[in-house]
Amino acid sequence: MNASSPSPAQNQAAPAALYGGVTNRRVTVRDLAAAKQRGEKWSMLTAYDALTAGVFDEAGIPVLLVGDSAGNCHLGYETTVPVTMDQMVMLSAAVVRGTKRAMVVADLPFGSYQESPAQAMHNAARLMKEAGVGAVKLEGGERSARSIELLTEAGVPVMAHIGLTPQSVHALGGYPVQGRGDEAAHRLLRDAKAVQQAGAFSVVLEAVPAELAKQVTEQLAIPTVGIGGGPDTDAQVLVWTDMAGMTAGRVPKFVKQYANLRAVLGDAARAYAEDVRAGTFPAAEHSFH
């Protein structure tokens, strides 16, 4: 070993890069902390089933979020509010089974943690024990700090979520941008520092001005994950159905669509239906004799 080569101890102390590394185990909170220190940005996508999660895992996405956005994307609800713990456990377990490398983070749904830190602990334990997730996510800054503190002290990694919090859609009167104006910006920065102090390993910043998200990112030691937070957060997350063009109608301003899978799937379904009507499917090669 020459003088410039890292020692085994140094290799152990410095987790491999998120991209091009970490191939023989799950991504951990330690890997994400190290990525922030070296300035490596990373991506997170939502996932709700084993098949899709497996595709994203093979693509190298280091963190998958089993979001309560499943309510909007897959379960037919207008908001995330109706999603239950039983549904989150089922979806999260599927994503864990479909992946080998990605850290799987699961949302605590509305009503599963707001009552008390003890309630948050009970339901976080369900997601870890029954579904096998590596971390949980909950909404709220200062108001959720006591729950975050209890969870992290008990060994549950917590990703916080501030700014626009979709579970509060009825209180907010929709999905407005958060943190505009000096008072609102100060409150959001205070929330960010509160969740870090409570022990969160990362914090999602949703629908906040890019300049404010940059300020928060610079002031926190933990990674920030932007969704409508501009380009300067440590990581980015998108709902996969938005990202891949499966969502019908208008998508949020912060979404970039990387494909049009809704059109591809629709074309395939129409082609299949036409073949059946025409009697060309099934053909001889699709039949047993």
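Located above this text is the structure these notes cover.
Residues numbered from 1 in each chain as written. Predicted model: local features only at pLDDT ≥ 70, side-chain atom pairs only at ≥ 80, totals over all residues. Heavy atoms only, no water.

## With respect to the pairing of strand S2 (residues 63-66)
Neither face of S2 is exposed, since Val63 and Leu65 on one face and Leu64 and Val66 on the opposite face are all buried. When strand S1 (residues 42-46) meets S2, the two strands line up parallel, connected through 3 bridges. Residue pairing for S2: Thr46 is matched across the bridge by Leu65. One crossover worth recording links S1 to the parallel S2 by way of helix H3 (residues 50-58), and it is right-handed. Bridge count for S2 against strand S3 (residues 103-107) is 4 bridges, and the pairing is parallel. If you follow Leu65 over to S3, its bridge partner there is Val105. (Buried < 20%, exposed > 50% of the residue type's maximum accessible area, 1.4 Å probe, protein only. Helix = DSSP H or I, 4+ residues; strand = E, 2+ residues; numbered from the N terminus. Pairing = 2+ DSSP bridges. Right-handed = clockwise from strand over helix to strand, strands pointing away.)

## Observations concerning unusual backbone geometry
A cis amide bond, omega 0 degrees, links Phe281 with the succeeding residue Pro282. Mapping Pro282 onto the fold places it in the segment after helix H12 (261-278). Despite not being glycine, Ala207 has its phi angle at roughly 50 degrees, a positive value. Mapped onto the elements, Ala207 comes out in the loop between strand S6 (202-206) and helix H10 (210-219).

## What to know about the environment of Glu218
Assignment of secondary structure puts Glu218 in helix H10. Glu218 gets classed as exposed once you look at its relative accessible area, which sits at 57%. Taking the C-alpha atoms as reference points, Glu218 and Ala192, separated by 26 residues in sequence, lie 11 Å from one another.

## Details of the sheet that holds strand S4 (residues 135-139)
As summarised here, the arrangement of the 8 strands in space is S1-S2-S3-S4-S5-S6-S7-S8, forming a closed barrel in which the pairing is parallel. Mean inter-strand twist for the sheet, computed between neighbouring axes without regard to direction, equals 25 degrees. The pairing of strand S7 (residues 224-227) with strand S8 (residues 235-238) spans 2 bridges and is classified as parallel. Among the inter-strand pairings, Gly226 is bridged to a residue of S8, identified as Gln236. (Axes fitted to C-alpha atoms, helices over the stretch in contact; angles between N-to-C directions.)

## Comments concerning the nonpolar core
If you look at the biggest cluster of nonpolar residues, it comprises 57 residues, and the most contacted ones within it are Leu64, Leu127 and Val136. In terms of residue count, helix H5 (residues 85-97) provides more of this core than any other element does, 7 residues in total. Those residues within four positions of Leu64 in sequence are excluded, and the remaining contacts are Met44, Leu45, Ala47, Ala53, Phe56, Val95, Thr99, Ala102, Met103, Val104 and Val105. Core analysis: the next-biggest nonpolar cluster, separate from the first, contains 19 residues, Val22, Met103, Met159 and Phe201 among them. (Core = buried A, V, L, I, M, F, W, Y, C linked by side-chain atoms within 4.5 Å. Contact = heavy atoms within 4.5 Å.)

## Considerations on the pairing of strand S5 (residues 158-163)
The buried fraction of S5 is high, at 6 of 6 residues. Side-chain alternation along S5 places Val158, Ala160 and Ile162 on one buried face and Met159, His161 and Gly163 on a second face that is also buried. Read from S4 through helix H7 (residues 145-153) to S5, the crossover connection turns out right-handed.

## Details of the side chain of Glu139
Within the secondary structure layout, Glu139 lies in strand S4. Despite its burial, Glu139 pairs with no opposite charge; the closest candidate is Arg143, at 4.9 Å N-O. Within the local environment of Glu139, its side chain forms a polar contact with the backbone nitrogen of Gln167, the two atoms lying 3.1 Å apart. Beyond its immediate stretch of four places on either side in the chain, Glu139 contacts Tyr113, Ser144, His161, Thr165, Pro166, Gln167 and Ser168. (Lys, Arg positive; Asp, Glu negative; His and termini not counted. Salt bridge = Lys/Arg side-chain N within 4 Å of Asp/Glu carboxyl O. Polar contact = N/O pair within 3.5 Å; in protein donor to acceptor, adjacent residues only side chain to side chain.)

## A short note on the packing of aromatic side chains
By convention here, two paired aromatic rings are described through the distance between centres and the angle between planes. In the structure shown here, the tally under the stated rule is 2 aromatic pairs. Taking 5.9 Å as the distance between ring centres and 65 degrees as the angle between the ring planes, the aromatic pair formed by Phe56 and Trp240 counts as edge-to-face. Note that Phe56 is positioned in helix H3 and Trp240 in helix H11 (residues 240-243), a separation of 184 residues in sequence. Judged on exposure class, the residue Phe56 and its partner Trp240 are both buried. Ring centres of Tyr272 and Phe281 lie 6.0 Å apart, and the angle between their planes is 70 degrees; this geometry places the pair in the edge-to-face category. Taking relative accessible area as the criterion, Tyr272 reaches 52% and is therefore assigned exposed. (Phe/Tyr/Trp six-rings, centres within 6.5 Å; stacked < 30°, edge-to-face > 60°.)

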